[in-house]
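Structural features, examined
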Amino acid sequence: AQSVTQLDSHVSVSEGTPVLLRCNYSSSYSPSLFWYVQHPNKGLQLLLKYTSAATLVKGINGFEAEFKKSETSFHLTKPSAHMSDAAEYFCVVTSFTDKLIFGTGTRLQVFP
Amino acid sequence: DTAVSQTPKYLVTQMGNDKSIKCEQNLGHDTMYWYKQDSKKFLKIMFSYNNKELIINETVPNRFSPKSPDKAHLNLHINSLELGDSAVYFCASSQSLALDTQYFGPGTRLTVL
């Protein structure tokens, strides 16, 4: 069975400082991992995905994530936060099923 | 053009009523999904269809019945609405399997009074 654990329900940063959103996964197979973002009252948008190619994945809006099998982690980072990054972020895992398994989400707040 | 659209955006109704939510995608995708997001923002898949055929049917009350008249549409009909059905329902589509990027609609906020 697959699962993801997002270690922080809330993260607050100042504009211009780095962002780190943590995600650990559990999977019986080689997983595919995603990060989705949900802005207030909006649908979900894919930020990036890992599907067994390069372990460092670059996404949209300056985000990237590194797949670390030894740590079963897929943390999302951005060097410098922008006010528009304030949103809910979901770490997602899937493998050979057709189901996306969502984490519980991390709310990112960005202060000026 | 909106890739995945849902109607209505908001739906307020009384317990016991029957309601439908419609979803359309203009991406030419083969697979469509329904997700439920509860008040704590937790997202869970309900159904998926591939080429109008039901692929995933999670443990969802049989009051919920998806219908796919064609590849571009996946509607969700809910009978005898209950308070616990209040949530945001998201439709999504992908080219084929879950490994493909899923594109989400804007969501339908259902409130059952």
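Before reading further, recall that the structure is shown in the block above.
Reference entry: report on the structure contained in this document.

With that settled, the discussion passes to the interface of chain A and chain B. Taken together, the contact pairs 22 residues of chain A with 23 residues of chain B. In this assembly, chain A packs against chain B so that about 1,800 Å² is buried in total across both faces, 58% of it on carbon and sulfur atoms. The interface formed by chain A and chain B includes 0 salt bridges. The tally of links from chain A across to chain B stands at 3 residue pairs in polar contact (both at pLDDT 80 or more). Listing elements by their share of the side of chain A that touches chain B, those giving two or more residues are β5 (32-38), β6 (44-50) and β10 (87-94) of chain A. Counting residues per element, the side of chain A that touches chain B draws most heavily on β5 of chain A, which supplies 4 residues. Looking at side-chain class alone, the side of chain A that touches chain B contains 7 nonpolar, 9 polar and 6 charged residues.

It is worth spelling out the state of the cysteines at this point. Covalent bonding between the sulfur atoms of two cysteines defines a disulfide. A complete count under the given rule lists 2 disulfides over all chains for this structure. Between the sulfur atoms of Cys23 of chain A and its disulfide partner Cys91 of chain A the distance amounts to 2.0 Å. Disulfide Cys23 of chain A-Cys91 of chain A: the torsion about the S-S bond is -70 degrees, which places it as left-handed. A residue pair is termed long-range when its members are at least 10 positions apart, and Cys23 of chain A in strand β4 (residues 23-26) and Cys91 of chain A in strand β10 qualify at 68 residues. Each member of the pair, Cys23 of chain A as well as Cys91 of chain A, carries the same accessibility label: buried. A sulfur-sulfur separation of 1.8 Å characterises the disulfide bridge that pairs Cys23 of chain B with Cys91 of chain B.

Residue and element names in this part refer to chain B. Scanning the entire structure with this criterion turns up 1 cavity of 30 Å³ or more. The calculated volume of the largest cavity comes to roughly 30 Å³. What lines the largest cavity is Asp30, Met32, Tyr49, Asn51, Lys52, Ser68, Asp70, Lys71, His73 and Leu74. Every element with two or more residues in the lining of the largest cavity is listed here: β7 (64-70) and β8 (73-78). By residue class, the composition of the lining of the largest cavity is 3 nonpolar, 3 polar and 4 charged.

Reading the values: the criteria
- Residues numbered from 1 in each chain as written.
- Chains lettered and ligands numbered in written order.
- Predicted model: local features only at pLDDT ≥ 70, side-chain atom pairs only at ≥ 80, totals over all residues.
- Heavy atoms only, no water.
- Contact = heavy atoms within 4.5 Å.
- Buried area = accessible area lost by both parts, 1.4 Å probe.
- Salt bridge = Lys/Arg side-chain N within 4 Å of Asp/Glu carboxyl O.
- Polar contact = N/O pair within 3.5 Å; in protein donor to acceptor, adjacent residues only side chain to side chain.
- Helix = DSSP H or I, 4+ residues; strand = E, 2+ residues; numbered from the N terminus.
- Nonpolar A, V, L, I, M, F, W, Y, C, P; charged D, E, K, R; others polar.
- Disulfide = S-S within 2.5 Å.
- Buried < 20%, exposed > 50% of the residue type's maximum accessible area, 1.4 Å probe, protein only.
- 1 Å grid on protein atoms, 1.4 Å probe; cavity = no way out; pocket = protein on both sides within 12 Å on 5 of 7 lines; lining within 4 Å.
- Points joined across faces, edges and corners; volume = space filled by probe spheres on them.

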